[in-house]
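# Close look at the chain arrangement
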Amino acid sequence: MSDITTMPVIKLEEPIQRGEQTITEVRLRKPKAGELRGTQLVNVLHMDIAALEIVLPRITIPTLTKHDVGNLDPADITQFGVELSGFLLTKEKREAFP
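### As for the pattern of salt bridges
Enumeration according to the criterion identifies 3 salt bridges in this entry. Across the pair Lys11 and Glu25 runs a salt bridge whose closest N-O atoms are separated by 3.1 Å. A residue pair is termed long-range when its members are at least 10 positions apart, and Lys11 in strand E1 (residues 9-18) and Glu25 in strand E2 (residues 21-28) qualify at 14 residues. Owing to a relative accessible area of 37%, Glu25 belongs among the partly exposed residues under this scheme.

Now the structure itself:
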């Protein structure tokens, strides 16, 4: 498992309210192959909302629900999609990007 301090942090444009709790930022950990089950990698790379609704609850800290993901601000879901897509690249490919 990854060290939590090395996980990307998504600062939400629109916080998630859960009762008394307000979530303003979410950490993402790199998924293992099994956590991508039920999706097609091309859909994850295309930041398909249905694919993100499946994968994000499996890799977010605090854990987001499918409902949370479906209610995210478009800017926030885009941030998640970009970070998740980056996890699918090899280290060599990631380093080639500016």
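### Quick look at the pairing of E2
As defined by bridge partners, E1 adjoins E2 across 6 bridges and the pair is classed as antiparallel. Among the inter-strand pairings, Lys11 is bridged to a residue of E2, identified as Glu25. In this structure, the hairpin formed by E1 and E2 is closed by a connection of 2 residues, where Gly19 is found at a positive phi of approximately 60°. Bridging between E2 and strand E3 (residues 60-61) involves 2 bridges; their strand directions are antiparallel. Among the inter-strand pairings, Leu28 is bridged to a residue of E3, identified as Thr60.

### Considerations on the nonpolar core
Formed by 20 residues in total, the largest nonpolar core has its most connected members in Leu12, Leu56, Leu72, Phe80 and Leu84. Those elements that provide at least two residues to this core are E1, E2, helix H2 (49-59) and helix H4 (74-87). Take this core: its biggest share by element is 5 residues, from H2. With near-sequence residues (within four places) excluded, Leu84 lies in contact with Leu28, Pro31, Val44, Leu52, Val55 and Ile59.

### As for H2
Looking only at H2, the buried set comprises Ala51, Leu52, Glu53, Val55, Leu56 and Ile59. Where H2 begins, the capping side chain belongs to Asp48, and its oxygen is found 3.2 Å from the backbone nitrogen of Ala50.

### Description of the side chain of Glu53
Among the secondary structure elements, Glu53 is positioned in helix H2. Put simply, Glu53 is tucked away with no salt bridge, and the nearest opposite charge, on Lys66, sits 4.5 Å away. Filtering out sequence-adjacent residues up to four positions away, Glu53 remains in contact with Lys66, Val69 and Gly70.

### Some remarks on unusual backbone geometry
Look at the link from Ile61 to Pro62: it is a cis peptide, with omega at -5°. Here Pro62 is to be found in the loop between E3 and helix H3 (66-70). Look at Met47: it is not a glycine, yet its phi comes out positive at around 60°. The topology assignment puts Met47 in the loop between helix H1 (41-45) and H2.

### Considerations on the sheet that holds E3
Read across the open sheet, the 3 strands follow the order E1-E2-E3; overall the sheet is antiparallel. Edge positions in the sheet fall to E1 and E3, since each of these pairs with one other strand and no more.

Cut-offs used in this document
- Residues numbered from 1 in each chain as written.
- Predicted model: local features only at pLDDT ≥ 70, side-chain atom pairs only at ≥ 80, totals over all residues.
- Heavy atoms only, no water.
- Salt bridge = Lys/Arg side-chain N within 4 Å of Asp/Glu carboxyl O.
- Helix = DSSP H or I, 4+ residues; strand = E, 2+ residues; numbered from the N terminus.
- Buried < 20%, exposed > 50% of the residue type's maximum accessible area, 1.4 Å probe, protein only.
- Pairing = 2+ DSSP bridges.
- Core = buried A, V, L, I, M, F, W, Y, C linked by side-chain atoms within 4.5 Å.
- Contact = heavy atoms within 4.5 Å.
- Polar contact = N/O pair within 3.5 Å; in protein donor to acceptor, adjacent residues only side chain to side chain.
- Lys, Arg positive; Asp, Glu negative; His and termini not counted.

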